[in-house]
Amino acid sequence: MTGFEIPSEQWAQVVEKSGGPVVYKKIPVQKPGPDEVLVNVKYSGVCHTDLHAMMGDWPLPTKLPLVGGHEGAGVVVAKGELVKDIEIGDYAGIKWLNGSCLACSFCMQADEPLCPHALLSGYTVDGSFQQYAIAKAAHVARIPKECDLEAVAPVLCAGITVYKGLKESGVRPGQWVAIVGAGGGLGSMAIQYAKAMGLHVIGIDGGDEKRQSCKTLGAAAYVDFMTSKDLVAEVKAATPDGLGPHAVLLLAVSEKPFQQATEYVRSRGAVICIGLPAKAFLKAPVFDTVIRMISIKGSYVGNRQDTQEALDFFQRGLIKVPFKTVGLSELQNVYALMKEGKIVGRYVVDTSR
Ligand SMILES: NC(=O)c1ccc[n+]([C@@H]2O[C@H](COP(=O)([O-])OP(=O)(O)OC[C@H]3O[C@@H](n4cnc5c(N)ncnc54)[C@H](O)[C@@H]3O)[C@@H](O)[C@H]2O)c1
Ligand SMILES: [Zn+2]
Ligand SMILES: [Zn+2]
């Protein structure tokens, strides 16, 4: 009936103990439950969250052993008997939100990421760093057939997350947004989504390679956090009236920018926290926050509607982010580069090698 031959074993990258490394080995292919699909993952993006998961950085424990990954783009090869709206052979995406209860007060209002029973791909359930991954049918991303699975993979976390963050910021076309960590995976996506939404971008990151990439992707200005003598002044000066950007998207994996953003955001502006540096705290002067009416908020992935909207931007050709593809077997090398902050754009792994 399926037309797809499903092997009993497959290649996967497995975290066997917190702190890593990942182990490339063969593991069994699982069978989907009644409300689940089995996706033959062709490509998966590598998100910094996958590194946090391997390192055990966060206060939320991961399952162990763990197959990481939550930007998996592939083909549906099997489905449970309750799944009616996805066909075998359809393109589908394994994203961070693997499943949610669909019945709690958050799910009822399309705030599924806040569901207390949420299943997280590559964290509390096995994710996309394997050839065959399972997700709840209600939550897999419906990827249009015209999409290139290799290029679309990073949209499944990075794209959705920054698109949602921009929406949460309340910025309008024509306004200015500062993107902190603009040369990384989420940052590169953020520049492209912001541009497509009619915003002016100030990219903040370190080094000339990232400067070049930010400019190519469409940033109007770039501020180098490693060499700038006065980052706050430089960011403000990059806006035409010198009063600073209307919003700041914090995507960096270090604490300092989380302490700094309220200093350069425009009055009545929004600071949107998305990056998740380990053990970090936010800090802002109460006086300035009050009299300048600054909003500070967190933004966490996106719901099913955000997912389809983010994919729609991609399908229309508006989102082109640099990526490098390597074999799934090379995942540990990608983590090494990521730790050093050396990745420009995104790495994608090909599960066939
Ligand atoms: N909130 C969410 O829903 C969500 C979703 C996905 C990822 N994340 C988190 O977002 C973070 C970024 O993920 P990524 O995959 O883009 O990582 P990445 O490693 O690709 O990019 C991080 C970038 O931040 C830059 N950076 C480091 N310190 C900086 C500083 N002081 N100022 C400016 N830039 C700085 C680095 O040079 C790098 O380019 C991670 O912590 C990840 O876990 C959150
Ligand atoms: Zn992610
Ligand atoms: Zn729920």
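Quick caveat: nothing in here was measured; it's all calculated off a predicted structure.

Enquirer: Looking at this structure, how should I read the site of ligand 1?
Expert: The immediate surroundings of ligand 1 are formed by 29 residues, with His48, Thr49, Asp205, Val301 and Arg346 found nearest. Taking Thr49, its side chain carries an N or O atom lying 2.7 Å from an oxygen atom of ligand 1. Within the backbone of Ser299, a nitrogen or oxygen atom sits 3.0 Å from a nitrogen atom of ligand 1. Burial of ligand 1 by the protein chains amounts to 93% of its free accessible area of 860 Å².

Enquirer: How should unusual backbone geometry be read in this particular structure?
Expert: Glycine aside, residues mostly have negative phi angles, and peptide bonds mostly take the trans form. The linkage connecting Gly20 with the following residue, Pro21, adopts the cis geometry, with an omega of 0 degrees. Along the chain, the position of Pro21 falls in the loop between β1 (9-15) and β2 (22-28). Here Leu64 and Pro65 are connected by a cis peptide whose omega angle stands at -10 degrees. With respect to the helices and strands, Pro65 occurs in the loop between α1 (48-55) and β4 (66-67). A positive phi angle, near 65 degrees, is found at Leu102, a position not held by glycine. If you trace the backbone, Leu102 turns up in the loop between β7 (97-99) and α2 (105-108). Even without glycine at this site, Arg268 takes up a positive phi of about 65 degrees. Mapped onto the elements, Arg268 comes out in the loop between α8 (256-264) and β15 (270-273).

Enquirer: Which parts of the structure should I look at to understand the coordination of the zinc ion (ligand 2)?
Expert: Here the zinc ion (ligand 2) is held by the protein donor atoms Cys47 (SG), His70 (NE2) and Cys157 (SG), which lie 2.0 to 2.3 Å from it. In the primary sequence, the donor residues of the zinc ion (ligand 2) line up as C-x22-H-x86-C. Residue Cys47 is located in the loop between β3 (36-46) and α1, and its partner His70 is located in the loop between β4 and β5 (72-79); the two are separated by 23 residues in the primary sequence. An identical accessibility class is assigned to Cys47 and His70; each is buried.

Enquirer: So what exactly am I meant to see when it comes to the pairing of β15 here?
Expert: When a strand is regular, its side chains alternate between the sheet's two faces. By the alternation rule, side chains of β15 split into Ala270 and Ile272 and Val271 and Cys273, which are all buried. In terms of strand pairing, strand β14 (residues 247-250) meets β15 through 4 bridges, oriented parallel. Each residue of the ladder has a partner; that of Val248, found in β15, is Val271. In this view, the connection linking β14 to its parallel neighbour β15 by way of α8 has right-handed handedness. Here 4 bridges tie β15 to strand β16 (residues 295-298), and the two strands are oriented parallel to one another. Residue Val271 lies in a different strand from β16, and its bridge partner there is Ile296. In the classification by handedness, the crossover that spans β15, the intervening helix α9 (residues 286-291) and the parallel β16 is right-handed.

About the criteria used
- Residues numbered from 1 in each chain as written.
- Chains lettered and ligands numbered in written order.
- Predicted model: local features only at pLDDT ≥ 70, side-chain atom pairs only at ≥ 80, totals over all residues.
- Heavy atoms only, no water.
- Near = heavy atom within 4 Å.
- Polar contact = N/O pair within 3.5 Å; in protein donor to acceptor, adjacent residues only side chain to side chain.
- Areas by Shrake-Rupley, 256 points an atom, 1.4 Å probe, with all protein chains shown as cover.
- Helix = DSSP H or I, 4+ residues; strand = E, 2+ residues; numbered from the N terminus.
- Donors = N, O, S within 2.8 Å, 3.2 Å for Na, K, Ca; no water.
- Buried < 20%, exposed > 50% of the residue type's maximum accessible area, 1.4 Å probe, protein only.
- Pairing = 2+ DSSP bridges.
- Right-handed = clockwise from strand over helix to strand, strands pointing away.

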